[in-house]
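Structure assessment
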Amino acid sequence: QGRRALAAMAGEALAKENKWTEAERAMRIAARGTPPYSLQHLEYTWQAMAADLQQHGGKLQDLGLAQELVDCVRVVLDLSDKASRPLVHRYLGLGQGSLGDHQNAVNHLQEALREVRTPADLFIVNALCQSLARMNRLDEIRRVLSAPVDDPRLAEKMTDMLQEFEAGQRRQKEQARP
């Protein structure tokens, strides 16, 4: 248990320093030290997956991490109480999106979106928008990014994301013109 805690703390510290390879390795060690169908295992597996994504410009190299996350979440979803369900939906949506199962990812990430409260949760919004974009559901992206939120910092970040999205849409239209 001490090794797991040290590995998780090291992984978090390394991620803050953008040392993604080392952070991924540490989070994998932390995940191996937890029961396989626990919320803690899900969190550490997700953090290892997030470090993999960061290392490779948003393209997951180890699809096994995503598959492990999805398989684990399916079991945890059956075993979990209602209070932990938003976390379970978060991890299932993140894993499915990474595996290219965007329809199911959207369903679960929309459930997880209900618990987004601070800028630290922005990765859920980003993952949802990426899956919606892959399915060409652009109006839903606008709706997600313009939804009212309580935290002014989160509202600012979502407004920035919406402006960036709209600018990208304008660029695409301009490039499509003959």
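Heads up: these notes are all about the structure in this document. Residue numbers restart at each chain and count upward from 1, following the sequence in its written direction. In view of the model being predicted, local features appear only for residues whose pLDDT reaches at least 70, and side-chain atom pairs are presented and counted only at 80 or more, with totals across whole chains, interfaces and linings using the full set of residues. Each side-chain value is worked out from all heavy atoms of the structure, with water and hydrogens disregarded.

Right, let's talk about the pattern of salt bridges for a bit. In the sections that follow, a salt bridge refers to a side-chain nitrogen of Lys or Arg positioned within 4 Å of a carboxyl oxygen of Asp or Glu. Under the defined criterion, the tally for this structure stands at 10 salt bridges. For R143, the salt bridge identified is with E140, shortest N-O distance 3.5 Å. Of this pair, R143 and E140 both sit in helix α8 (residues 138-145), separated by 3 residues, roughly a single helical turn. Measuring nitrogen to oxygen at the nearest pair gives 2.7 Å for the salt bridge that ties R142 to E166. Taken together, the positions of R142 in helix α8 and E166 in helix α9 (residues 152-176) put the pair 24 residues apart, joining distant regions of the chain. Among the residues examined, R142 registers a relative accessible area of 24% and is labelled partly exposed. One continuous salt-bridge network, built from bridges that share partners, spans E24, R28 and D62. Starting at the N terminus, helices and strands are each numbered in turn, a helix being any DSSP run of H or I of at least four residues and a strand any DSSP run of E of at least two. For every residue, the accessible area obtained with a 1.4 Å probe (protein chains only) is divided by the maximum for its type, and the residue is called buried under 20%, exposed over 50%, and partly exposed between those limits.

Looking now at helix α3 (residues 39-55). Multiplying one less than the number of residues by 1.5 Å gives the expected span of a helix. Under the 1.5 Å per step criterion, the end-to-end length of α3 is 24 Å for 17 residues, consistent within 8% with the ideal 24 Å. Burial in α3 covers these residues: H41, L42, Y44, T45, W46, A48, M49, A51, D52 and L53. Positive phi shows up at G57, right after α3, with a value of about 60 degrees.

The definition of a nonpolar core used throughout is a set of buried Ala, Val, Leu, Ile, Met, Phe, Trp, Tyr and Cys residues joined through side-chain atoms within 4.5 Å. In this structure, V125 and L145 are the most contacted members of the largest nonpolar core, which totals 43 residues. When residues no more than four places from it in sequence are discounted, the contact partners of V125 are L113, V116, V144, L145, M158 and M161. We call two residues in contact when some of their heavy atoms are within 4.5 Å.

Another aspect to go through is the packing of helix α5 (residues 85-98) against helix α7 (residues 122-134). Their axes nearest at 10 Å, the elements α5 and α7 cross at an angle of 40 degrees. Classed by the angle they form, the pair α5 and α7 counts as oblique. Handedness of the α5/α7 crossing: left-handed. Of the residues in α7, those in contact with R90, L94 and G97 of α5 are F123, I124, A127 and S131. Following the grouping adopted for this structure description, the nonpolar residues are Ala, Val, Leu, Ile, Met, Phe, Trp, Tyr, Cys and Pro, the charged ones are Asp, Glu, Lys and Arg, and the polar ones are all others, Gly among them. Considering only residue class, the contact of α5 with α7 consists of 4 nonpolar, 2 polar and 1 charged. A fitted line through C-alpha atoms serves as each axis, taken over the contacting stretch for helices, and the angle formed by two N-to-C directions is quoted from 0 to 180°. Every angle not falling under 35 degrees, over 145, or within 65 to 115 is termed oblique; those three ranges are roughly parallel, roughly antiparallel and roughly perpendicular. The handedness criterion is simple: a crossing whose near helix is rotated anticlockwise from the far helix by less than a right angle is left-handed, and one whose near helix is rotated clockwise is right-handed.

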